[in-house]
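Survey of secondary and tertiary structure
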Amino acid sequence: MAVMEGTRALKSWAGDYDFAVDGGAVSTITLRSQDGPLPLGAVIVSGYLDVQTACLSATGTMALNSEGAADLLAAAAQAALTLGRKSIIPAATGVTAVKLTAARSPAVTIATAAFTAGKFTLVLEYR
């Protein structure tokens, strides 16, 4: 029988983006978290995006990444990033789960054009 490190208990991670703190330039911005990075081998099974201030840009997009490009949220224009809770790709199914090959801090990738406003918290559940 294989030995697993840690526990099998479901854990949570939260990271924040705030235009007033992080800016909105076309770039990849690591989300700020008191939880530190997600550990090596973590399997992200679900989560959500809680938008507190609508994300605004003329033509820009935002994607959320952990292990690979847009694996948490595909590139979304401002119309998809309005106030409230939004679904992300990991949806408690095997096919949507994301397994980390190194300790990583999720990030937001801003593409196409800069953003001029926005604030959200990404909440992830992982094992």
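Presented here is a report on the structure given in the accompanying data block. (Residues numbered from 1 in each chain as written. Predicted model: local features only at pLDDT ≥ 70, side-chain atom pairs only at ≥ 80, totals over all residues. Heavy atoms only, no water.)

**What to know about the side chain of T96**
Note the cut-off: Segments assigned H or I by DSSP are reported as helices when at least four residues long, segments assigned E as strands when at least two residues long, and all are numbered from the N terminus. We call two N or O atoms a polar contact when they sit within 3.5 Å, provided that within protein one can donate a hydrogen and the other can accept it, with sequence-adjacent residues counted only if both atoms are side-chain atoms. The contact rule is simple, with two residues in contact once any of their heavy atoms fall within 4.5 Å.
Looking at where T96 falls in the secondary structure, it is placed in the loop between β6 (84–87) and β7 (98–99). Within polar-contact distance, the side chain of T96 engages the backbone nitrogen of A91 at 2.9 Å. A distance of 2.8 Å separates the side chain of T96 from the side chain of T93, its partner in a polar contact. Excluding residues that lie within four positions of it along the chain, T96 makes contacts with I89, P90 and A91.

**Concerning the pairing of strand β8 (residues 107–111)**
Strand residues, when the strand is regular, have side chains that alternate between the two faces of the sheet. For clarity, the threshold we go by: Here, strands pair whenever DSSP counts at least two bridges between them.
As judged from the 4 bridges shared by strand β2 (residues 27–30) and β8, these two strands associate in the antiparallel manner. Residue S27 lies in a different strand from β8, and its bridge partner there is I110. Here strand β4 (residues 61–65) runs beside β8; their pairing, made up of 5 bridges, is antiparallel. When the bridges of β8 are listed, A63 appears paired with T109.

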